[in-house]
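What follows is each chain in one-letter form.
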Amino acid sequence: MNIKEFKEWLNNFPDDAEVHVPVVFKAHDWSLDETRATEFEGEEFCDYEFMDFTKNAFVTENYSFFGKKILVLGEES
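Since the model is a prediction, treat every value here as computed from it, not as a measurement.

Helix and strand content of the protein: one helix and five strands. Helices and strands appear in the protein in the N-to-C order α-β-β-β-β-β. Considering the protein as a whole, with its 77 residues, one finds that 9% of them fall into the buried category. Across the protein, the fraction of contacts at a sequence separation of at least 24, relative to all contacts at a separation of at least 6, is 30%. Looking at the protein as shown, the accessible area adds up to about 6900 Å², and 53% of this sits on carbon and sulfur atoms.

Right, dumping it as C-alpha cells:
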C-alpha cells in the first residue's frame, strides 16, 4: 500500500476515530515479547522510520525492497 492508497483507506473511517499503533515491549529471556496498541500522537509519541531504497547503491535487485520507499509506523520499547 502506498501513501495515496493509505489516505483513501483512512477515509473509510470517521474523522473523530482514534488511531492506535502497536508498541512492542521487549520481554525477558524467559517470556515472549508483549505487544500493546497505543494511541498514535504523531512524532511526539510514536517512532516512525522512512526508508528510501531508490538511490541506495548497496540494495540490489535481489532484495525485496529494491527501488522502494517504505514508511514504518510503530515503536519498540
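Applying the stated criterion across every chain yields a total of four aromatic pairs. Ring geometry for Phe-53 against Phe-65: centres 4.6 Å apart, planes inclined by 45 degrees, an arrangement best described as tilted. On the criterion of sequence distance, the pair formed by Phe-53 in the loop between β3 (48-52) and β4 (69-73) and Phe-65 in the loop between β3 and β4 is long-range, its members being twelve residues apart. A residue is classified by how much of its surface remains accessible, and Phe-53, at 14% relative accessible area, is buried.

A contiguous nonpolar patch, built from Ile-3, Tyr-48, Phe-50, Leu-71 and Leu-73 and spanning about 490 Å² of accessible area, is present on the exposed surface. Contributions of two or more residues to the nonpolar patch are made by β3 and β4. Looking at where Leu-71 falls in the secondary structure, it is placed in strand β4.

Here the focus is the environment of Met-51. Relative to the helices and strands, Met-51 resides in strand β3. Met-51 sits 21 residues away from Val-72 along the chain, and the two C-alpha atoms are 8.3 Å apart.

Before going further, it helps to spend a moment on the confidence of the model for the protein. If pLDDT is low for a region, its predicted coordinates should not be looked at in detail. In this model, the protein carries a mean pLDDT of 77, and residues with pLDDT of at least 70 account for 65%. The element-level mean pLDDT for the protein is lowest in strand β5 (residues 75-76), coming to 61, with helix α1 (residues 3-10) highest at 89.

The rules behind each value
Residues numbered from 1 in each chain as written. Predicted model: local features only at pLDDT ≥ 70, side-chain atom pairs only at ≥ 80, totals over all residues. Heavy atoms only, no water. Helix = DSSP H or I, 4+ residues; strand = E, 2+ residues; numbered from the N terminus. Buried < 20%, exposed > 50% of the residue type's maximum accessible area, 1.4 Å probe, protein only. Contact = heavy atoms within 4.5 Å. Areas by Shrake-Rupley, 256 points an atom, 1.4 Å probe, with all protein chains shown as cover. Phe/Tyr/Trp six-rings, centres within 6.5 Å; stacked < 30°, edge-to-face > 60°. Patch = residues over 30% accessible without salt bridge, like charges linked within 9 Å, V, L, I, M, F, W, Y side chains within 5 Å. Salt bridge = Lys/Arg side-chain N within 4 Å of Asp/Glu carboxyl O. pLDDT = per-residue confidence, 0-100.

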